[in-house]
Every structure is written in structure tokens, then in C-alpha cells.
Amino acid sequence: MRRTASTVLEDGTFKQMDRKLKAFRDDLQNSDVGLFFFAGHGMQLEGENFLLAVDSDMESEEDAKHNSLKLDKVIGTLDKSNAVTKIVILDCCRNNPWERAWTRSISAKGLVPVYAPRGTIIGYSTSPGQKASDGSGKNGGIRRPQA
């Protein structure tokens, strides 16, 4: 009996995210179902979607692109796997808070639509091209230390 691939990372750095994606890729080879869930910050830059790490360098647009995980890499990993069913769930706040600081930044709403290869289901927290609010309660906003 085959199984579902399971690799977990919380509050990961860019290098940790990349390593865990490789471990997930290896785990997928013996799995019927692959599930990738990301809760955090995602944004589009020049028509590509990126998932930000806790240490993503956001000084410039170019820095951000090279220090964030490309969503296409995740989808490609799933697509090339032996898993029959591939599921991607993106619970992302999808705006670009650095837009004003970047001199060349072009305003882009949300994530760009993603091609879902055969056997792939992609779930978003909002429609492509729209922004999902981060919120300010227990499950959103900035975490504040307990007094």
C-alpha cells in the first residue's frame, strides 16, 4: 500500500524551504497523494509567484526573487512525481508591502494564475489576482509576545 507524502517545516528560512522541498520530492516517489500547504506571505514579481521565507531578503525586487521559493518549482516538483493526486493549498497574504520602497516596482495584485498540471488541485485563500488580508487576530497579523 502506498502512502501520502509528509514533510513539515514551520517558520523556515529560504535554504530550509529548498531542502524540505527536495525531501518532499524524494518522499513523493513512493506516494499516491502529494499535499503541499503553505501559510505565510506570497507575492508576484514580474509575472511569477513567490513564497517568502522568514529570512527572504526584501531590500530589492531582485533580492526578493532570489531569496524566496518559486511556486513554479513546487508545482514542477509535484508534476514530475509519481503521485497520482497532487494538492497545493496556499493560505497566503498576497500583497507586496515593499512596493513603495522598490524604485522599479510595478504594482501587481495578488498572485498570478497558475497552470495546474493533470491530477493537480490548487486552492487559494482568494481568487488569483486578488489580495487576501492577513488580518489582525489570533490567525493573522503580527505575532505579539504574551505579557
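Preceding this section is the structure that the text describes.
Described below are features of the structure shown in this document. (Residues numbered from 1 in each chain as written. Predicted model: local features only at pLDDT ≥ 70, side-chain atom pairs only at ≥ 80, totals over all residues. Heavy atoms only, no water.)

1. A word on the packing of aromatic side chains
- All chains considered together, the criterion is met by one aromatic pair.
- Consider the rings of Phe-24 and Phe-36, whose centres lie 6.5 Å apart with planes at 50°: the pair is tilted. Taken as a pair, Phe-24 in helix α1 (residues 14-28) and Phe-36 in strand β2 (residues 31-45) lie far apart in primary sequence, twelve residues in all. (Phe/Tyr/Trp six-rings, centres within 6.5 Å; stacked < 30°, edge-to-face > 60°. Helix = DSSP H or I, 4+ residues; strand = E, 2+ residues; numbered from the N terminus.)

2. Details of the environment of Leu-69
- With respect to the helices and strands, the residue Leu-69 is situated in strand β4 (residues 68-70).
- Along the chain, Leu-69 and Asp-18 lie 51 residues apart, while their C-alpha atoms are 7.2 Å from each other.
- The residues touching Leu-69, leaving out its near neighbours within four places in the chain, are Phe-14, Met-17, Leu-21, Asn-49, Phe-50, Leu-51 and Val-74. (Contact = heavy atoms within 4.5 Å.)

3. Notes on the packing of α1 against helix α3 (residues 71-79)
- Across the interface, α1 lies against α3 with an axial gap of 9 Å and an inter-helix angle of 15°. The orientation of α1 with respect to α3, classified from their angle, is roughly parallel. As for how α1 packs across α3, the hand of that crossing is right-handed. On the side of α1, the interface is formed by Asp-18, Leu-21, Phe-24, Arg-25 and Leu-28, while α3 contributes Lys-73, Val-74, Thr-77 and Leu-78.
- Residues belonging to the contact of α1 with α3 are distributed by class as follows: five nonpolar, one polar and three charged. (Axes fitted to C-alpha atoms, helices over the stretch in contact; angles between N-to-C directions. Parallel < 35°, antiparallel > 145°, perpendicular 65-115°, else oblique. Left-handed = near helix turned anticlockwise from the far one by under 90°. Nonpolar A, V, L, I, M, F, W, Y, C, P; charged D, E, K, R; others polar.)

4. Quick word on the environment of Val-88
- As for its position among the elements, Val-88 is in strand β5 (residues 85-93).
- Note on Val-88: relative accessible area 0%, which makes it buried.
- The spatial distance from the C-alpha of Val-88 to the C-alpha of Val-74 is 8.7 Å, given a sequence separation of 14 residues.
- Dropping the residues within four chain positions of it, Val-88 is found in contact with Phe-36, Leu-71, Leu-78, Ile-121, Ile-122 and Gly-123. (Buried < 20%, exposed > 50% of the residue type's maximum accessible area, 1.4 Å probe, protein only.)

5. Describing the nonpolar core
- Ranked by internal contacts, the top residues of the largest apolar core, which has 20 residues, are Phe-36, Leu-51, Leu-71 and Leu-90.
- Listed by contribution, the elements that provide at least two residues to this core are α1, β2, α3 and β5.
- With near-sequence residues (within four places) excluded, Leu-51 lies in contact with Met-17, Phe-36, Phe-38, His-41, Gly-42, Ser-68, Leu-69, Leu-71, Leu-90 and Cys-92.
- Phe-50, Leu-52, Met-58 and Ala-64 belong to the second-largest nonpolar core, a separate cluster that totals six residues. (Core = buried A, V, L, I, M, F, W, Y, C linked by side-chain atoms within 4.5 Å.)

6. Here's the deal with unusual backbone geometry
- Phi is positive for Asp-11, which is not a glycine, with a value near 50°.
- Within the element layout of this structure, Asp-11 appears in the loop between β1 (3-5) and α1.
- Judged by relative accessible area, which is 52%, Asp-11 ranks as exposed.

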